[in-house]
Structure formats: structure tokens, C-alpha cells
Amino acid sequence: MKNLVVLTGAGISAESGIKTFREMGGLWEEYDVMEVASPHAWENNQELVMRFYNERRKKLLEASPNEGHIGLVELEKYFNVHIVTQNVDDLHERAGSKNILHLHGELKKSRSTIDPNLIYEISGWELKTGDKCEKGSQLRPHIVWFGEAVPAIAEAADICEKADIFVVVGTSLNVYPAAGLIDYAPNGIPVFLIDPNDVGTKNTEITFIKEKAGTGVQKLIGFLKEKSGSND
Ligand code: NAD
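Just so we're clear, the structure is a prediction, and the values are computed from it rather than from any experiment. Sequence order sets the numbering: in each chain, residues are counted from 1 along the sequence as written. Per-residue local features of the predicted model are confined to residues with pLDDT of at least 70, and side-chain atom pairs are confined, for both listing and counting, to 80 or more; whole-chain, interface and lining totals are unaffected and use all residues. Each side-chain value is worked out from all heavy atoms of the structure, with water and hydrogens disregarded.

A.B. asks: Tell me what's going on with unusual backbone geometry, and back it up with residues and numbers.
C.D. replies: Tyr 176 connects to Pro 177 through a cis peptide bond whose omega is 5°. Positionally, Pro 177 belongs in the loop between strand E9 (165–169) and strand E10 (191–194). At Leu 173, a position not held by glycine, the phi torsion is positive, near 55°. Here Leu 173 is to be found in the loop between E9 and E10. Only protein chains enter the calculation, and the probe is 1.4 Å; a residue is then buried if its accessible area is under 20% of its type maximum, exposed if over 50%, and partly exposed in between. For Leu 173, a relative accessible area of 10% corresponds to the buried category. Counting from the N terminus, the helices are DSSP H or I runs at least four residues long and the strands are E runs at least two residues long.

Structure follows, in C-alpha cells:
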């Protein structure tokens, strides 16, 4: 089977009721992102950062995967699908996708502030001051903040280099290094971009599917099936 690599961003979860932030002028659910999603924010206002992620987590527990996430699972019948996501939600997991790499961390996990290898599932929605790792340090959200390194980027680049087909869904391609992953796709392979709005990219060979993720992924499936001559 061919390798189909999908780079997803906040837009794929929009129809599940989880807001993207580019569309809100840099505000993310009324918060300035730099005041809640940076190491500086954590140093200066731990309570605010904790509250912000607790609210996001609470919302995530009420959300469900949408047709976009579910359509990507259907593609596993025809392709080796690898999802590289900028999202911190777990909606790809809950939809049933098998191979998921989170570039920017996971909302439902916490991490030790002295040993980055100590990562824990958060039960429920709340992480609190005083919640500690087994070595006794405060736990922080397991999120890659602005200004922090993206440890999974090398693995993501390897995955993208092996793509036979590359798909981008719901990302403004504004946040680096994630946005640069499209450049690792081998030259000449089919590249699709699903987004209801215009997304600027240097890549001129892209097939744009100007739709929301739900209908856009269904169109993609139809297109790929037609090309492969499948009658399923
Ligand atoms: P972004 O907010 O910069 O861009 C979202 C993109 O999705 C836009 O291009 C927009 O046109 C598109 N979009 C909006 N509605 C859509 C829909 N229904 N279907 C398909 N596309 C739609 O998001 P980004 O590029 O992922 O970068 C933002 C950063 O913020 C990421 O690094 C991510 O970690 C974080 N973030 C994550 C979540 C989440 O986990 N669900 C939500 C918000 C932000």
C-alpha cells in the first residue's frame, strides 16, 4: 500500500466545536496566546496557564470527532496513513486513526518540570498547583509552547519524506517548524490541501479542496478512489 501522510491543524477540529486561533486575531478563546502558551507565561502566572489548559481540557472532554477525523480513518482501508498533527486534542485517537504523531504535545497529558521523560495521563480535566511527578516536581501541561523546541519534528520529517501522497487539512501553515514539513514531501507527488479559506504556500503543484474538513475529506476520498479505480 502507498504511504499517505496527512498534516493536520486546528481547522480539522473546528467542526467538533474546538476553536482555531488564527481566525480570532491571535486570541485563543479570549486569551492572548503569548500570555498562556509560553515558558514566560508559566514562570510569571502559573495559575492562569493552568486555568487556560484546564478549560481547554474540559471542552475537549465534551467534544467528539467529526466527519473529517472519521474520513481519515476510512482512508486506512486503501493506504498506510500517517497523521502528523499540530493539534493537542485527542480527536484523531478517538476517531480510531492508528498512526498519530503529535508535534505540539497532548492536552490530556502532563509532564514533569524536572524530567521531560516523565509524562502522565491526566484523569478528568483538572491539573492543579501541587500535582507532582514521582520525583517531586510540579507537573505542567504536556504542551510545546511558543519558543520551545519541537522534539518530534525529526520523526515527522522522516515520515513526510516517505510520503507517496501528501494531504494538508485545516492549518494556516503559519506556525514553524510544522509548516515547513510540506517541503519534505518528495517532489512530484500529489499534494492536496483542504481548507475553506485561502492558505498561502510556495508549493504550486497543490490541488486545493476549498471545503471544511468534513466535506473536504469526503471529496478527497472520492478523488483518490476514482484515481485508483476502486469500487468500494
Ligand atoms: P490556525 O488556527 O493557524 O489555522 C486554522 C486553519 O484552519 C485556517 O487556515 C482556517 O482557514 C482553517 N479552518 C477553519 N475552519 C475549518 C474547517 N471547518 N475545516 C478545515 N479547515 C478549517 O491553526 P494551526 O495552523 O493548526 O496552528 C495553530 C496552533 O495552535 C497549532 O500549533 C496548534 O497546536 C494550536 N491549536 C490547537 C488546537 C487543537 O488542538 N484542536 C486548537 C487551536 C490551536
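A.B. asks: Before we move on, could you go through the domain arrangement of the protein chain and cite the residues and values that matter?
C.D. replies: Domain borders in the structure are assigned automatically or taken from a domain database. Considered domain by domain, the protein chain is made up of domain 1 (1–18 + 64–104 + 149–232) and domain 2 (19–62 + 108–143). Placing a centre on the C-alpha atoms of domain 1 and another on those of domain 2 gives a separation of 26 Å. Should any heavy atoms of two residues lie within 4.5 Å, those residues are counted as being in contact. If you look at the interface, domain 1 gives 16 residues, while domain 2 gives 10 residues. Throughout, the accessible surface (probe 1.4 Å) given up by two parts as they are put together, summed over both, is called the buried area. Taking both partners together, domain 1 and domain 2 bury about 970 Å²; carbon and sulfur atoms supply 54% of that area. On the domain 1 side of the contact with domain 2, Ile 18, Val 88 and Arg 94 bury the most area, a combined 37% of that side's loss. Should a side-chain nitrogen of Lys or Arg be within 4 Å of a carboxyl oxygen of Asp or Glu, the pair is scored as a salt bridge. Across the contact surface, domain 1 and domain 2 share one salt bridge. For Asp 90, the salt bridge is made with Lys 108, and the minimal N-O distance between the two is 2.8 Å. Residues are grouped as follows: Ala, Val, Leu, Ile, Met, Phe, Trp, Tyr, Cys and Pro are nonpolar; Asp, Glu, Lys and Arg are charged; all remaining types, including Gly, are polar. Its residues placed into classes, the side of domain 1 that touches domain 2 shows six nonpolar, seven polar and three charged.

A.B. asks: Residues and numbers for the packing of aromatic side chains, please.
C.D. replies: Planes of paired rings set the category: under 30 degrees apart is stacked, over 60 is edge-to-face and the rest tilted, where pairs are Phe, Tyr or Trp rings (Trp by its six-membered ring) whose centres lie within 6.5 Å. One pass over the structure, following the stated rule, counts three aromatic pairs. Ring centres of Phe 52 and Tyr 53 lie 4.9 Å apart, and the angle between their planes is 80°; on these two criteria the pair is classed as edge-to-face. Judged by its relative accessible area of 0%, Phe 52 falls in the buried class. Residue classification places Tyr 53 among the buried positions, given a relative accessible area of 3%. Over the ring of Trp 125 we find Lys 58; its NZ or CZ atom is 4.3 Å from the centre of that ring. The rule for a charge over a ring is simple: NZ of Lys or CZ of Arg within 6 Å of the ring centre, and within 35 degrees of the ring normal. Positioned above the aromatic ring of Trp 145, the side-chain terminus of Arg 140 is 3.8 Å from the ring centre.

A.B. asks: Go over the environment of Leu 139 with me, naming the residues and quoting the values.
C.D. replies: Mapped onto the elements of the fold, Leu 139 is located in strand E8 (residues 139–143). With a relative accessible area of 7%, Leu 139 lands in the buried category. Separated by 11 residues in sequence, Leu 139 and Lys 128 place their C-alpha atoms 8.2 Å apart. Residues within four places of Leu 139 in sequence aside, it is in contact with Trp 42, Ser 110, Arg 111, Ser 112, Tyr 120, Leu 127, Asp 131, Lys 132 and Cys 133.

A.B. asks: Outline the environment of Glu 121, supporting the account with residue identities and numerical values.
C.D. replies: Relative to the assigned elements, Glu 121 resides in strand E7 (residues 119–121). Note: C-alpha distance between Glu 121 and Leu 107 (14 residues apart in sequence) is 9.3 Å. Not counting residues within four places of it along the chain, the set of residues in contact with Glu 121 comprises Lys 108 and Lys 109.

A.B. asks: Got a sec to walk through the pairing of strand E6 (residues 105–112)? Specific residues and values, please.
C.D. replies: Counting buried positions along E6 yields seven of eight residues, so the element is predominantly enclosed. Two strands pair if DSSP finds at least two bridges between them. Pairing of E6 with E8 involves four bridges; the strand directions are antiparallel. Across the sheet, Arg 111 pairs through a bridge with Arg 140, a residue of E8. Pairing analysis gives three bridges linking E6 to E7, with the strands arranged antiparallel. Bridge pairing in E7 links Ser 110 to Tyr 120. Remark: six residues form the turn of the hairpin made by E6 and E7, two consecutive strands paired antiparallel.

A.B. asks: Quick one: what's the story with the nonpolar core, residue by residue and with numbers?
C.D. replies: Side-chain atoms within 4.5 Å link the members of a nonpolar core, which is a set of buried Ala, Val, Leu, Ile, Met, Phe, Trp, Tyr and Cys residues. Val 5, Leu 7, Val 84, Leu 103, Phe 166, Leu 173 and Leu 181 are the most contacted members of the largest nonpolar core, which totals 26 residues. Counting only elements with at least two residues in this core, the list comes to strand E1 (3–8), helix H6 (153–161), E9 and E10. Looking at this core, the element that brings in the most residues is H6, giving four residues. Ignoring any residue separated from it by four or fewer positions in sequence, one finds Phe 166 in contact with Val 5, Leu 7, Cys 160, Leu 181, Ile 182, Ala 185, Ile 189, Pro 190, Val 191 and Phe 192. Core analysis: the second largest hydrophobic core is formed by 21 residues, Ala 37, Tyr 53, Leu 118 and Trp 145 among them.

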